[in-house]
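Results of the structural survey
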Amino acid sequence: MSFTSSTPTGPEVDPLAPQQHTSLLSSPSRRLGAIIGLLSGGLAVTIGMLVAALGEVASPIDAVGSSFIDRTPRWLKTLAIDWFGTNDKTALRVGIVIVLAAIALIAGSVSVKSPAPLVSAIVIFAFLGALSASEREGSNGASILAPIVGAIIGIASAVLLLGMLTNRWLAASTPSPSQVPLGWDRRRFVRASSAVGATAVTVGLIGHNKERQRVRSIESQRPDSLPPTSDSVPPSEISQDISFITPNSDFYRIDTALSFPNVNLDTWKLRIHGLVDQEITLSYADIAAMPQVEKTITICCVSNEIGGPYIGNAVWQGVYLKDLLLQAGVKPEAEQLFSRSLDGWTSGFPIELALDGRDALLAIGMNGEPLPLVHGFPARLIVPGIYGYVSATKWLSEIEVNKWSDAYGYWIPRGWARDAPIKTQSRIDVPRSGATVAAGLTRIAGVAWAQHTGIEKVEVRVDSAEWNEAVLGDDISDDTWRLWTFDWQATEGKHTIQVRATDKSGYTQTETVTSVAPDGATGWHTRRVSVA
Ligand SMILES: Nc1nc2c(c(=O)[nH]1)N[C@H]1C(S)=C(S)[C@@H](COP(=O)(O)O)O[C@H]1N2
Ligand SMILES: [Mo]
């Protein structure tokens, strides 16, 4: 009996061999696949960005984001504003990128043996991108081309890198070392992946820069100054702590625009049509040549929570909407002033509000300068007394006089009220939230507004004691907020300050707290402070 060492050994432990268990990133190959997914997906996205930027249209990510905004339910929109405030756009973009990255990682990790899953994922997202782009106002060939070109290059990269990886997998699973290894070249793979990654980053940066250039070139079309006006606006400051006029740089911004619409001042026209005797079309120069008025008007957003920041007071310059409408001749059956922006956003309000003598404006100026791009350059509407979502169309492109049954503004089918007069409100600005104040005489100050009704009285109370009348700032007009102050003898400890306003109709703000939807929040602003 001979003793031969023919004892079969167990399967060799090969770190490169594909593993049998299926957890996603469990094998080195899968991890490399995931990286390939991320790199190729990233390249597809940045190429898409660049093509879009070259075509001066919204990037595929922004197109998808805008389609998402269009379909966002009311509760989610409110939540997004609550959580992210005016950073909700950044939050949306980051959200989309995270979802895409996660899907790219997963699709890549299951594409080790065949590129089909990753290729399919890229094709599906390119399709979504093209579909979203096609429904955007102002989209053109480049909008559709961007995700397609991105996808083609992303797929090429995926197939190339995954091909190398598949060779590695085959090599590792080759049963006998005598067979020719199938060309897995680690160094080549690392070089190719790095090239893809570097290209993606570079292309992304170029695309980003192109988009910045586009925005700068729109901004450079803003004239240096506004046409002269005969109005002079009195300043009204009563406290150093808060300002009556909100500087443009501090003015809130709310809109659905992920990227600014293209504005070409030379070709821009405002068209007024619909139920009018004669349609009129105005260029920027036409509007600037008309007699200019300057009105101090406080505008606010329906999404402003009690005590919230989405309100501002500015001196708006432009022409009376009424004059334009009289020039066009409004037909008696007209019901709504419906307007549309260059980016396809719409709003509408009862036509009477443009004709009843209030200072409803077609505005081209804000606080002494041509409208900033974020606030609607070249022109926007400002209508005192109603929330921005039904009236304050920025980047205005057309005004249509029509009937309610013809069209509803953007937010109406999304659960917001058709008629949206601004609710009488007041806000405590000083002491700042969470501030610790020194005991002794302390100034409490804030703003109160009831546009187109006017503020009559503001009252302040501390720790639910009796109400005290606040000192009011100048009553510039019923369309502007009023500053108020109250000097309080602060004692050590924690205190609760509350404010309520009474408007000139005799209405005093209700204590009942309601949410912003569907037509604006109610309730008293309450602020807790510590006195040391
Ligand atoms: N084109 C366009 N105009 C728009 C909007 C928008 O989404 N798109 N949002 C409206 C809303 S909801 C408000 S409250 C005001 C805000 O104007 P501001 O950003 O200049 O403060 O703009 C209005 N005009
Ligand atoms: Mo708004």
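Residues numbered from 1 in each chain as written. Chains lettered and ligands numbered in written order. Predicted model: local features only at pLDDT ≥ 70, side-chain atom pairs only at ≥ 80, totals over all residues. Heavy atoms only, no water.

In this section: the domain arrangement of the protein chain. Segmentation of the protein chain into domains returns domain 1 (20-174 + 181-219), domain 2 (248-402) and domain 3 (425-531). Its C-alpha centre places domain 1 at a distance of 49 Å from the equivalent point of domain 3. (Domains from an automatic or database assignment.)

Here the focus is the environment of Leu355. Among the secondary structure elements, Leu355 is positioned in helix H10 (residues 352-355). Judged by its relative accessible area of 28%, Leu355 falls in the partly exposed class. As for Leu355 and Leu321, which are separated by 34 residues in sequence, their C-alpha atoms are 7.8 Å apart. (Helix = DSSP H or I, 4+ residues; strand = E, 2+ residues; numbered from the N terminus. Buried < 20%, exposed > 50% of the residue type's maximum accessible area, 1.4 Å probe, protein only.)

What follows deals with the packing of aromatic side chains. Applying the stated criterion across every chain, the model contains nine aromatic pairs. Taking the centre distance of 6.2 Å and the plane angle of 50° together, the rings of Tyr252 and Tyr310 count as tilted. Of this pair, Tyr252 sits in the loop between helix H7 (186-219) and strand E1 (269-274) while Tyr310 sits in the loop between strand E3 (293-300) and strand E4 (311-320); the two residues are 58 residues apart in sequence, bridging distant segments of the chain. Each member of the pair, Tyr252 together with Tyr310, is buried. (Phe/Tyr/Trp six-rings, centres within 6.5 Å; stacked < 30°, edge-to-face > 60°.)

Before going further, it helps to examine the side chain of Arg136. Looking at the secondary structure, you find Arg136 in the loop between helix H5 (116-134) and helix H6 (141-173). Setting aside anything within four residues of it in sequence, one finds Arg136 in contact with Ala63, Ser66, Ser67 and Asp70. (Contact = heavy atoms within 4.5 Å.)

Residues in contact with ligand 1 amount to 19 residues; listed here are only the nearest, Tyr252, Thr256, His375, Arg380 and Lys394. Taking Arg380, its side chain carries an N or O atom lying 2.7 Å from an oxygen atom of ligand 1. By residue class, the composition of the shell around ligand 1 is nine nonpolar, five polar and five charged. (Near = heavy atom within 4 Å. Polar contact = N/O pair within 3.5 Å; in protein donor to acceptor, adjacent residues only side chain to side chain. Nonpolar A, V, L, I, M, F, W, Y, C, P; charged D, E, K, R; others polar.)

Strand order across the open sheet formed by four strands is E11-E13-E17-E16, with antiparallel pairing between neighbours. A single partner strand is all that each edge strand has here, and the edge strands are strand E11 (425-430) and strand E16 (471-472). Bridging between E16 and strand E17 (residues 482-490) involves two bridges; their strand directions are antiparallel. Within E17, the position partnered with Val471 by the bridge is Thr485. (Pairing = 2+ DSSP bridges.)

We now examine the side chain of Gln498. In this structure, Gln498 sits in strand E18 (residues 493-503). For Gln498, the side chain forms a polar contact with the side chain of Arg461, separated by 2.8 Å. At 3.1 Å, the side chain of Gln498 forms a polar contact with the side chain of Thr526. Those residues in contact with Gln498 that lie beyond four places of it in its chain are Ile428, Glu459, Val460, Arg461, Ser464, Trp467, Trp524, His525 and Thr526.

It is worth spelling out the pairing of E18 at this point. Within E18, eight of the 11 residues are buried, leaving the element largely enclosed by the surrounding structure. As judged from the seven bridges shared by E18 and strand E19 (residues 525-531), these two strands associate in the antiparallel manner. Residue pairing in the sheet places His495 in a bridge with Val529 of E19.

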